[in-house]
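Below are the chains, spelled out letter by letter.
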Number of protein chains: 2
Amino acid sequence: MRLDERKIRILQAIIDDFISTAEPVGSRTIAKKYNLGVSSATIRNEMSDLEEMGYLEQPHTSAGRIPSDKAYRFYVDRLMKVKSLKKEETENIKQMYRNKISQIEQVICNTAKILSDITNYTSIVLAPQMNSIVIKHIQLVPIDSRLALLVIVTNAGILKDTVVKIPEDIDADYLNRISNILNKLYKNKSFGQVNLDDLAGVRKEFARNSSLVDTLIDALSDHYSKSDKDIYYGGTTNIFNFPEYQDVVRARSFLNLLEEKELLYKLLSKAEGDGVTVSIGTENPYEELRECSIVSATYKIGDRVLGSIGIIGPTRMEYSKAVSAMDYMAKTLSYYLTSLYGK
Amino acid sequence: MRLDERKIRILQAIIDDFISTAEPVGSRTIAKKYNLGVSSATIRNEMSDLEEMGYLEQPHTSAGRIPSDKAYRFYVDRLMKVKSLKKEETENIKQMYRNKISQIEQVICNTAKILSDITNYTSIVLAPQMNSIVIKHIQLVPIDSRLALLVIVTNAGILKDTVVKIPEDIDADYLNRISNILNKLYKNKSFGQVNLDDLAGVRKEFARNSSLVDTLIDALSDHYSKSDKDIYYGGTTNIFNFPEYQDVVRARSFLNLLEEKELLYKLLSKAEGDGVTVSIGTENPYEELRECSIVSATYKIGDRVLGSIGIIGPTRMEYSKAVSAMDYMAKTLSYYLTSLYGK
DNA sequence: TGTTAGCACTCGTCGTCATTGAGTGCTAAA
DNA sequence: TTTAGCACTCAATGACGACGAGTGCTAACA
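Every chain is numbered on its own, with residues counted from 1 as its sequence reads. In the order they appear in the text, chains get letters beginning with A and ligands get numbers beginning with 1. The model is predicted, so local features are restricted to residues of pLDDT at least 70 and side-chain atom pairs to those at 80 or more, both for listing and for counting; the totals for chains, interfaces and linings are taken over all residues. Excluding hydrogens and water, the side-chain values take into account all heavy atoms of the structure.

Draft legend 1. Here's a closer look at the overall build of chain A. Looking only at helices and strands, chain A features 12 helices and 10 strands. Taken against the 2.2 N^0.38 rule, which gives 20 Å for 343 residues, the C-alpha radius of gyration of chain A at 26 Å runs more than 25% over that of a compact globule. Each principal axis of the C-alpha atoms in chain A carries an extent, and together these give about 90 × 40 × 35 Å. Buried residues in chain A amount to 56% of all 343 residues. Across chain A, contacts joining residues at least 24 apart in sequence account for 62% of those joining residues at least 6 apart. Only four residue types enter the tally: Lys and Arg on the positive side, Asp and Glu on the negative side, with His and both chain ends excluded. For this purpose, a charge sits on NZ of Lys, CZ of Arg, CG of Asp or CD of Glu. Taken together, the 45 basic and 45 acidic charged side chains of chain A have centroids lying 5 Å from each other. Strands are runs of DSSP state E lasting at least two residues, helices are runs of H or I lasting at least four, and both sets are numbered from the N terminus onward. Only C-alpha atoms enter the radius of gyration; for comparison, a globular chain is expected to reach 2.2 Å times N to the power 0.38, where N is the number of residues. Burial classes follow relative accessibility: with a 1.4 Å probe on protein chains only, a residue under 20% of its type's maximum area counts as buried, one over 50% as exposed, and anything between as partly exposed. Whether two residues are in contact is decided by their heavy atoms: any pair within 4.5 Å suffices.

Pasting the structure below:
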């Protein structure tokens, strides 16, 4: 059976209707609301065909039909016209970045907030992924006689700093010497390239204070090895807006899903390449997500992918809005970060 | 009417029962489950009295009775025996602190996690409050020709650092001079004591680079004025465990409540003084909380209160468990922080 | 005088059953 | 090929009665 022009128009009508109402849609509804110039009986026949072809599903005999994941996929790939954001929405976003924000965490956090505000879905933002981050500067700053601060500055703003205990008898000069060595070793390397063996030499040189060097090694390796899966959320309770989550059990399992950072991390970080990725229902590799869709994109500094942003909602999602928001947001964020920290 | 011995014992039985079952409790239940040596009819009479006195309420005529906020208050103040934590629970907590953790945020975050694990309620932890934090060290660390890092080290670990743009023609020495001045001005002052006017002199001295000084002033004032209400949560979805929150509307409003950071901040930060504060239902100053109870305590470094920890749950809360967990946690956290950053 | 057994009464919950109405599939006519 | 018409399905809704947990009151009892 072929998916001819009329079938497509009917399918589109059904998807549009279901996305906005969340109710299974019947032939009469389509005939009345969308002027397709045919009667409900004809639509009924076509719907029967569409079901046979796998684009529609029927919750039960006497109900209308709902789009299948296959239908959404078709919709996203072929039917949907990505409408650009409203003026005020792009204004909002730009405004957010105009306020000088010095902490990258703050930027990330606001990004999540604004994404969920615009789309009304739950947004997820992965903070910059360690491996791709380049060390620009390492410095040991003395605090008092017992403590020093190991500051690691990266091309994505300051990333992490760690308080390290130091032996009492060490002075600022000594710390500076260590800083210099660390800088020589690691400057302009990414965390992925950090090789702790390089420190063996340092250890030898500072044999007298091997425990200090050990502490430093610990601190460094903490940063690049630690599954530092910082995830920021926006609009976590938006899910309650959707009738399909009026059930406490489902709402709860959705919210628990958000706590599965490992899983979200894998999901979002696999979204590679340029542009926006849409993953619909059962296309997701995880059981828990078979009734959710995820729209994601990556953000970068220059050409280097730093992290991902995404939104998650029911498969019945306003894809056109979601995709355009995601696209605009990823680009704006990348542009902003690049202008701040890029080479 | 007097609250005699027998009334008290009956009241206690009712509260205990209701806390564990969430069902209105009737006279027969009490007579059967708790051996008070009197018949259900007698208990019925007493319950009638207790209702008249304001300790009990009846959802409807043919239901059992539930404790009022007044009853819980009486329970917390007079009846409850605080049982100490189980060995394994205290072990868990100690274990958490034994793992060397360098970032105070991490400590706070884990504290929230473990509190919710132990109590099964939602935990809320206020990160250290700015006003009480003492500056130990300020340093401008050069990163590259355009950027420097303003590091403010406090007695609560490193608190904040900000990337500031600097004019191209400034060298490390120059930054050091500024750092020294800032240190002289603010070392050992709390953020609450920071007076930006002091910087006027600095501005004059560095008139050539007044824009840099402005940036620094901005950055500093950001830190102490910004309502930096960092709140960490644990067990946000625990609320779904309770039958009274099986209703989506209520669950949602609870979760939305958690996003009201201003409100939570006020609630928790008012809990001053030593020991554990319990705030029951309508005792809370906010409408939204009239069916919740909050158990909170403060944590400190030395004698200086830094922030608060709390748990929030239904008024039907296991107060004895909650109070003991809170007490132990606050003390342990304070002890740990003091040993790290104290004096 | 306090305690208790007994009983009528209240009222929310639960299961049953009939009604309703949205929607389908099929058939026959246009 | 399209459409009107019709029988059929089935979830949702609401009415109704049975049930039972719980109360308050009364009268008898220790």
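Let us keep going from here.
Draft legend 2. The arrangement of the packing of aromatic side chains in detail. All names here are of chain A. The rule is short: rings of Phe, Tyr and Trp, with Trp giving its six-membered ring, pair when the centres are within 6.5 Å, and they are stacked under 30 degrees, edge-to-face over 60, tilted in between. Applying the stated criterion across every chain, the model contains 10 aromatic pairs over all chains. With a centroid separation of 4.8 Å and 35° between ring planes, the pair formed by Tyr97 and Tyr336 is classed as tilted. Placement of the pair is Tyr97 in helix α5 (residues 87-98) and Tyr336 in helix α12 (residues 319-341), with a sequence separation of 239 residues. Judged on exposure class, the residue Tyr97 and its partner Tyr336 are both buried.

Draft legend 3. Main features of the protein's contact with DNA strand C. The rule for a residue being near a molecule or strand is that one of its heavy atoms must lie within 4 Å of it. The local shell around DNA strand C holds 21 residues, among which Ser27(A), Arg65(A), Arg6(B), Thr42(B) and Ser62(B) are the closest. Looking at DNA strand C alone, sugar and phosphate atoms form 78% of those within 4 Å of the protein. Any pair of nitrogen or oxygen atoms within 3.5 Å is treated as a polar contact; in protein, a donor-acceptor pairing is required on top of that, and neighbouring residues in sequence qualify only through side-chain atoms on both sides. A distance of 2.4 Å separates a phosphate oxygen of DNA strand C from a polar side-chain atom of Thr42(B). Counting only elements with at least two residues in the surface near DNA strand C, the list comes to α2 (27-33) and α3 (40-52) of chain A together with α3 (40-52) of chain B. Looking at the surface near DNA strand C, the element that brings in the most residues is α3(B), giving 4 residues. Amino acid classes used here: Ala, Val, Leu, Ile, Met, Phe, Trp, Tyr, Cys and Pro are nonpolar; Asp, Glu, Lys and Arg are charged; the rest, including Gly, are polar. In the surface near DNA strand C, the residues fall into 4 nonpolar, 13 polar and 4 charged.

Draft legend 4. Examining the pattern of salt bridges more closely. Residues and elements named next belong to chain A. Salt bridges are identified by distance alone: a Lys or Arg side-chain nitrogen within 4 Å of an Asp or Glu carboxyl oxygen. Counted by the stated rule, this structure contains 28 salt bridges over all chains. Arg65 is the salt-bridge partner of Glu51, the closest N and O atoms lying 2.7 Å from each other. Of the two residues, Glu51 sits in helix α3 while Arg65 sits in the loop between β1 (56-57) and β2 (66-67), which places them 14 residues apart along the sequence. Owing to a relative accessible area of 27%, Glu51 belongs among the partly exposed residues under this scheme. Lys321 serves as the salt-bridge partner of Glu89, at 3.2 Å between the closest nitrogen and oxygen. Separated by 232 residues along the polypeptide, Glu89 in helix α5 and Lys321 in helix α12 bring together distant segments of the chain.

Draft legend 5. Representation of helix α11 (residues 261-270) of chain A within the structure. When α11(A) is considered as a whole, its buried residues turn out to be Leu263(A), Leu264(A), Tyr265(A), Leu267(A) and Leu268(A). Residues of α11(A) that are buried make contact with β3 (122-126), β7 (231-234), α10 (248-259), β9 (292-301) and β10 (304-314) of chain A.

Draft legend 6. Molecular detail of the environment of Ile124(B). Residues and elements named next belong to chain B. The residue Ile124 is located in strand β3 (residues 122-126) in this model. Using a relative accessible area of 3% as the deciding quantity, one classes Ile124 as buried. Separated by 166 residues in the primary sequence, Ile124 and Arg290 have C-alpha atoms spaced 18 Å apart. Excluding residues within four positions of it along the chain, Ile124 makes contact with Ile231, Tyr232, Tyr233, Leu258, Leu264, Leu268, Ser308, Ile309, Gly310 and Ile312.

Draft legend 7. Quick peek at the protein's contact with DNA strand D. Near DNA strand D, the surroundings consist of 21 residues, among which Arg6(A), Thr42(A), Ser62(A), Ser27(B) and Arg65(B) are the closest. The protein-proximal atoms of DNA strand D, defined as those within 4 Å of the protein, are 76% sugar or phosphate. Note that a phosphate oxygen of DNA strand D is positioned 2.8 Å from one of the side-chain N or O atoms of Ser27(B). One of the backbone N or O atoms of Ala63(B) is found 3.4 Å from a sugar or linking oxygen in DNA strand D. Listed by contribution, the elements that provide at least two residues to the surface near DNA strand D are α3 of chain A together with α2 (27-33) and α3 of chain B. Of the residues forming the surface near DNA strand D, the biggest block, 4 residues, is contributed by α3(A).

Draft legend 8. Main features of unusual backbone geometry. All names here are of chain B. Although it is not a glycine, Ala22 adopts a positive phi angle of roughly 65°. A positive phi is found at Asn188, a non-glycine position, where the angle reads about 65°. Its location among the elements puts Asn188 in the loop between α7 (172-186) and α8 (199-205). By relative accessible area, Asn188 is classed as exposed at 55%.

Draft legend 9. Highlighting the side chain of Lys300(A). All names here are of chain A. Note on placement: Lys300 falls in strand β9. Classification of Lys300 by relative accessible area gives buried; the value is 19%. Those residues in contact with Lys300 that lie beyond four places of it in its chain are Asp274, Val305, Leu306, Ser334, Leu337 and Thr338.

Draft legend 10. Quick look at the pairing of β9(A). Residues and elements named next belong to chain A. Buried residues dominate β9, accounting for 10 of its 10 residues. With burial as the criterion, each face of β9 is covered, one bearing Cys292, Ile294, Ser296, Thr298 and Lys300 and the other bearing Ser293, Val295, Ala297, Tyr299 and Ile301. Strands are treated as partners if at least two bridges between them are detected by DSSP. One ladder, built from 4 bridges, connects strand β8 (residues 277-280) with β9; its direction is antiparallel. From the neighbouring strand, Ile280 faces β9, where its bridge partner is Ser293. Direction of pairing for β9 relative to β10: antiparallel, over a ladder of 10 bridges. Within β10, the residue paired with Lys300 across the bridge is Val305. Counted along the chain from β9 to the antiparallel partner β10, the turn is 2 residues long, and its residue Gly302 has a positive phi close to 60°.

Draft legend 11. Spatial organisation of the sheet that holds strand β10 (residues 304-314) of chain B. All names here are of chain B. In space, the 5 strands of this open sheet follow the order β7-β3-β10-β9-β8, with antiparallel pairing throughout. Single-partner strands in this sheet number two, and they are β7 (231-234) and β8 (277-280). Put simply, the sheet's adjacent strands are angled 20° from each other on average, direction ignored. Axes here refer to lines fitted to C-alpha atoms; in helices the fit is confined to the stretch in contact. Angles between the N-to-C directions go from 0 to 180 degrees. On the sheet, helix α6 (residues 104-119) packs against β3, β7, β9 (292-301) and β10 and is oriented at approximately 35° with respect to β7. Against the sheet, helix α12 (residues 319-341) engages β8, β9 and β10, with an angle of about 20° to β9.

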